[in-house]
Amino acid sequence: MTDISPLVASSRARFGDAGVHAVVPAGRTVHAISMSEWIGREQAPELLCHPGVAG
């Protein structure tokens with residue numbers, strides 16, 4: 001299995017702080033971020049509204 005810890009660590013460094021928001025590339029909507037359990041039980045930031053997944 002591929003080690004995803006460097007990817008998750010860089011995501012946490014960029015978006016892991018409370019109150020940080022994200023703009024999806026090619027979009028203008030500001031999205032709220034929360035931490036979520038991901039592959040290998042890593043805690044990674046995720047967009048609360050799940051764009052591209054549920055919408």
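Residues numbered from 1 in each chain as written. Predicted model: local features only at pLDDT ≥ 70, side-chain atom pairs only at ≥ 80, totals over all residues. Heavy atoms only, no water.

## Things to note about the environment of Leu48
Part 1 of the argument: Position of Leu48 relative to the elements: it lies in the segment after β3 (43-47).
Part 2 of the argument: Remark: the alpha-carbon pair of Leu48 and Ala32, spanning 16 residues in sequence, is separated by 5.7 Å.
Part 3 of the argument: Apart from residues no more than four positions distant in its own chain, Leu48 is found in contact with Ala32, Ile33 and Ser34. (Helix = DSSP H or I, 4+ residues; strand = E, 2+ residues; numbered from the N terminus. Contact = heavy atoms within 4.5 Å.)

## What to know about the sheet that holds strand β1 (residues 21-23)
Part 1 of the argument: If you walk across this open sheet you meet the 3 strands as β1-β2-β3, and the pairing is antiparallel. Here the strands that pair on one side only, and so sit at the sheet edges, are β1 and β3. Adjacent strand axes in the sheet meet at a mean angle of 45 degrees, parallel and antiparallel pairs treated alike.
Part 2 of the argument: Where β1 meets strand β2 (residues 30-37), 3 bridges bridge the pair, whose relative direction is antiparallel. Within β2, the residue paired with His21 across the bridge is Ala32.
Part 3 of the argument: Its contacts with the sheet place helix α1 (residues 5-15) against β1, β2 and β3, and it is angled at close to 55 degrees to β3. (Pairing = 2+ DSSP bridges. Axes fitted to C-alpha atoms, helices over the stretch in contact; angles between N-to-C directions.)

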